[in-house]
Structures are given as structure tokens and as C-alpha cells.
Amino acid sequence: MKNHLLSLIVIAVLVFVGCKPQIVEIDLPPHDPALVVNCVFSPDSVWHAHVTASQGIQVADAPKAVENATVVIFENGAVVETLVHIVDGIYTAQNGTRPQVGHTYTIEASAPGYAKASGTDYVPVTVIPYGMEWRDSIAYNQFQGYNGEFSFKIDDPAGEENFYLLGVYQLDTFFDGTDTLYFVDDIYVEAFDPALESDFWSGDQRFNDGTFDGTSRTIRVQLSSDQHALPTTLFFGLSSISKSYYLYVKSMSVYSQNEGNPLSEPTRVYSNMTPGAGIMAGYSTVYALLP
């Protein structure tokens, strides 16, 4: 009995000693800053980009804006536009040029002390939705009451990967005592279609044509019947996005969900810039009213 008790005491001591916290110092290599170029472009807007400098993992400050960069847009090797700095690392087209659907573009950014960074992407052809329908009060939700179903159809282009983002919005007005102000709010929607993925970062529904390439497809989402009944304008946007944009928003969605969670796996945000980080991504959007 004494030997058994002694063995338990020894084990307990070893466990206590083994669990004693230890401080382990790790010598991290110095961080070599690189250009971070973010350029998400569509025919709805003139060219613009945001340029910052990357920083080490131990730095908690916001990324430093790079305000002395040379930022150039190319198409087929020819210069389309040289962007000019406006404020806080934001560059925009000085000639008011815009991307064009179906065209591929390359961005190059350079600045003293940094390696030149470049990335290439294209503007996908817009897929036009049709057959829009609204079915009221088809399901009950204990948190927001009855939901209705909004649906539309698309004809997916055959023989290629296609990627989409769907957002639903509310256009409303506010009178500030002097002027009538217009504003747009995102509308929360639920999707029970396995092809649709709720994007935590953008609030939209993202999907691809992996299960319906080259066919007609009906897209269905639900939103509050009360929201639909309000005397405001509801509309939706269907964006055709490049594969790079799809991978970027998908990784940003995971990053946003894991942010602040010390137990989550590290998230690598997708980038198609070489070298450095950031994104060069194209899209085109069509808007229409909800019925």
C-alpha cells in the first residue's frame, strides 16, 4: 500500500513539474516589406487601386500607405492608364478610363525601396438574370417571422468555369431637415440551395457553375416578408466574377470568421500579385428590381 501511495505521489509531482509554464523565445527573421496592391475593377467605375506596405506579424498598426508609387494599367502590353495618387495610398485614373467587359488587364506598381509588383485578371461577361419571381410567406422563421422566396433564372455559359456573387439591397431615403438623402442597405437573405455559399465577409451569396455548367439554373433565396412589404425599393445585383475574385472573397470570408479567435487555424488570404500581396480582380454586375 505504501509503495502504491508513493508511486501516486511521484506521478503527481512529475505531472505538476511537466505542466509548469515555460517561456520560449523565438528569434523571428526581420521582415522585408513588400508592396500590397489591391485593385478590384469593373466597367461601372474608373480604374482605382490601393497601395500599402506589408508588415511583420508582430506589428499591430494599420498597414502603411505608399504614396510615392508608380501604378500603371496595361492591356496586351500597351499602357491603358497611369493612376495618380489621391490620398492615403489610393490611386485613381487621371483620364477617367474604365475597364471593358471581356478584356484582360495587368497592373504594375513600383516604388523606391520595394520590388515591382504585378497582377493580371479580366472582366467576365455579364450573365443576365431573367424570370424573376416572388412567393410570399412560404416559411416561418422564429427570429424574423415569415420568409418569402425570391428566385430568378440564368443561362450559364458552357465550357468554362463561371463564378457569381448575389446581393440583395434596399434603397431608402432620409430627410435631414434640408435635403433628401439616399442610402443603400444590404438585406440579409437565407439560401437553402447547396450550390450557394453565404459569404461572411461580403454578406452576399457566392456560387459557381460546377454542378450546372452550360445549363439553365434557377437561383432561390429567402428574405423576410415584412422586409419585402416595406414601402422601399428592393433590388438585387448579380455579379459575374473572375476565379481570382472568387478565391479572394472565399478566403476573406474564412479570415473574417476566424478573426479574433485564438483557437482557429491560420488563414491565408488569396493573392494573385507577384511578388508581394494583394489582389487584381475583375467583375461585372447587372442590377434589377425585386418583383
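Structure first, text after, so check above.
Here we summarise the structure given alongside this text. No experiment lies behind these values; they were computed from the predicted model shown.

### Concerning the pattern of salt bridges
A side chain of one charge can pair with a side chain of the opposite charge when the charged atoms of the two come close.
Moving on, step 1. The full count for this structure, using the stated rule, is 7 salt bridges.
Moving on, step 2. Between D193 and R217 there is a salt bridge, with the nearest N and O atoms lying 2.8 Å from each other. With D193 in the loop between strand 12 (180–186) and strand 13 (197–198) and R217 in strand 15 (residues 216–224), this pair connects stretches of sequence that are 24 residues apart.
Moving on, step 3. Salt bridges here are not isolated pairs; linked through shared partners, they connect R135, E149 and R220.

### Here's the deal with the packing of aromatic side chains
Moving on, step 1. According to the stated counting rule, one finds 13 aromatic pairs in the structure shown.
Moving on, step 2. With centroids separated by 6.1 Å and ring planes inclined at 85°, the aromatic side chains of F41 and Y105 adopt a geometry described as edge-to-face. Placement of the pair is F41 in strand 1 (residues 35–41) and Y105 in strand 7 (residues 104–110), with a sequence separation of 64 residues. The same class applies to F41 as to Y105, namely buried.
Moving on, step 3. Ring geometry for F163 against Y246: centres 4.8 Å apart, planes inclined by 40°, an arrangement best described as tilted. Placement of the pair is F163 in strand 11 (residues 163–175) and Y246 in helix 3 (residues 243–258), with a sequence separation of 83 residues.
Moving on, step 4. Looking at F163, the relative accessible area reads 8%, which means it is buried.
Moving on, step 5. The class of Y246 is buried, set by a relative accessible area of 5%.
Moving on, step 6. Three or more aromatic residues joined by ring pairs make a cluster, and in this case those are F41, W47 and Y105.

What counts and what doesn't
Residues numbered from 1 in each chain as written. Predicted model: local features only at pLDDT ≥ 70, side-chain atom pairs only at ≥ 80, totals over all residues. Heavy atoms only, no water. Salt bridge = Lys/Arg side-chain N within 4 Å of Asp/Glu carboxyl O. Helix = DSSP H or I, 4+ residues; strand = E, 2+ residues; numbered from the N terminus. Phe/Tyr/Trp six-rings, centres within 6.5 Å; stacked < 30°, edge-to-face > 60°. Buried < 20%, exposed > 50% of the residue type's maximum accessible area, 1.4 Å probe, protein only.

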